[in-house]
Amino acid sequence: MQNKRLAQWIEAHTDMLSRTDEADQALHAALYEGIIEMALNGETRLIDPVLESAAAHAVAVGRSLTGLLGVPQRLRERIWQRIGEEIDPEPAFEMLSAVDIIFVHIVRATIDAYQEAIRLATAAKATEISRLYAESERKVMEYTAEVARANRELARLEQAKTDFISIAAHELKTPLTLIQGYANILHDILTEERAINLADGIRRGSERMGAIIEDMLDLSAIDTNRLSLFLELVNLNKVIGLIIRQLEPVLKDRKHTLQIIDVESLPTIEADAYRLHQVFAQLINNAIKYTPDGGQITISGETVAATKKMPACIRITVKDTGVGIAPEDREKIFEKFYRVGSSDLHSTSQTKFMGAGPGLGLTIVKGLVEAHQGRIVAESQGFDMQNCPGSAFIVTLPIAATPRPGLQVTRLPRTEAQEEAAAPTPPESY
Ligand code: ADP
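The following paragraphs examine the structure supplied in this document. Just so it is clear, the structure is predicted and the values come from calculations on it, not from any experiment.

## Some words on the pairing of strand β4 (residues 296–304)
As judged from the five bridges shared by strand β2 (residues 257–261) and β4, these two strands associate in the parallel manner. If you follow Thr 257 over to β4, its bridge partner there is Gln 296. With eight bridges joining them, β4 and strand β5 (residues 313–320) adopt antiparallel strand pairing. Paired with Ile 297 across the bridge in β5 is Asp 320.

The structure is reproduced here in structure tokens:
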């Protein structure tokens, strides 16, 4: 490959350097120097590192090997053409032979360098991938441990809540019974009207407190699966009829109209009548509370035929024209102590508009429905105190009792009165 004349000739033809793409100019110039060096003394110490760095750069930027080889290829063509034009055939033949040997080396070394660069890049990528993989695995493990810790803490808090409810309710019950007893005695023995009114106030307050304590005890029984169900044949038309009679003064006071659709034609179901009274009294009471005065409350019933997943059921919907429930609250309202929005929105009353209680009502309702292996869902277009989109609470209960396993269940014998209670026309009680 040594050819001094070729080296001198190339050195004298630097004009060829400018005839290339701007992007390849640096490579072109370096190649030029490398070729002169090779032609002068046959050394590749200059050209080889140039080719290696060009190949590494080409791999890094995604340039193909053919694209990279195009640069020396074009240079060779130009040298051939110019030597052919300028030099006599005999010396030209020798120069061109040397040119070709140089370029065979360039092509070979470029291919090797390119392959090596790919191998290095792949290895680097693999190392980087395995580093990232190890990193993400470590993060996943950290998160898993964190979630497990948070879950344990949640379970501990949930247990503490359950224990607190149970202990507080039991501890409050005895002194409250005393207060109620003394308030009753005071009410009976006092003669002055103002004093009687005060005693009456204590009595009503302690009754309300008693109702809250009963709720806490029910909740504690539900939470710990200690609920007892007394099963009998229940006519829901009668249960609802009784609730409505009890709530009639409130309905009138709040100027709500009530519509009952197809509840009278529902079949009797085997269930705990007292608990179902609790369920529907709470739902109807909530419908009254969360609907502005002059609203409409609709209670409708239907029978649902058995499917592969569900036995034959009855479905009762309590629908109102009230403030409605936001989508994000539709499930949360069944959680204990959950109240929608700020407490400023609520008044503390059992029947007034937006008169919220402690937020236990729906939790107990859900627990009681599920104890019967039934389901409850809330439907609403959203919460809006101005436009009142309304809400619907849909309760599905199996006709034949299938209480949740683990509950203490007593099946009451069907007495004549109960046979009568199962009849479609409602007497005074169920
Ligand atoms: P509370 O004792 O606060 O009434 P509940 O468990 O009965 O507790 O209800 C929980 C929350 O669900 C209520 O604070 C209320 O925001 C919402 N809610 C219940 N029933 C209705 C309804 N019919 N319409 C709109 N919101 C309701």
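## Describing the side chain of Ser 380
If you trace the backbone, Ser 380 turns up in strand β6 (residues 375–380). Apart from the residues within four sequence positions on either side, Ser 380 is in contact with Gly 324, Ile 325, Arg 330, Gly 390 and Ser 391.

## Observations regarding the pattern of salt bridges
Under the definition given, this model contains 20 salt bridges. Measuring nitrogen to oxygen at the nearest pair gives 3.9 Å for the salt bridge that ties Lys 139 to Glu 135. Placement of the pair is Lys 139 and Glu 135 together in helix α5 (residues 89–189), with a separation of four residues, close to one helical turn. Since its relative accessible area comes to 37%, Lys 139 is described here as partly exposed. Ionic pairing is found between Asp 200 and Arg 204, a salt bridge with its closest N-O pair at 3.7 Å. In this pair, Asp 200 and Arg 204 both sit in helix α6 (residues 193–223), four residues apart, roughly one turn of the helix.

## As for helix α1 (residues 4–12)
Leu 6, Ala 7, Trp 9 and Ile 10 are the residues of α1 that are buried. Within α1, the buried residues cover an arc of 165° as seen down the axis, which keeps them to one side. Away from its buried face, by an angle of more than 90 degrees, α1 presents the exposed residues Lys 4, Gln 8 and Ala 12. Those residues of α1 that are buried are in contact with α2 (25–41), α4 (65–86) and α5. Two or three places before Arg 5, at the start of α1, stands the capping residue Asn 3, its side-chain oxygen 3.2 Å from that residue's backbone nitrogen.

## Digging into unusual backbone geometry
Positive phi values are uncommon outside glycine, yet Asn 225 reaches one of about 55°. Topologically, Asn 225 is positioned in the loop between α6 and β1 (228–234). Residue classification places Asn 225 among the partly exposed positions, given a relative accessible area of 30%. A positive phi angle, close to 65°, is found at Phe 337, a residue other than glycine. Of note, Phe 337 is situated in the loop between β5 and α9 (361–371).

The rules behind these values
Residues numbered from 1 in each chain as written. Predicted model: local features only at pLDDT ≥ 70, side-chain atom pairs only at ≥ 80, totals over all residues. Heavy atoms only, no water. Pairing = 2+ DSSP bridges. Helix = DSSP H or I, 4+ residues; strand = E, 2+ residues; numbered from the N terminus. Contact = heavy atoms within 4.5 Å. Salt bridge = Lys/Arg side-chain N within 4 Å of Asp/Glu carboxyl O. Buried < 20%, exposed > 50% of the residue type's maximum accessible area, 1.4 Å probe, protein only. Arc of directions from axis to C-beta. Polar contact = N/O pair within 3.5 Å; in protein donor to acceptor, adjacent residues only side chain to side chain.

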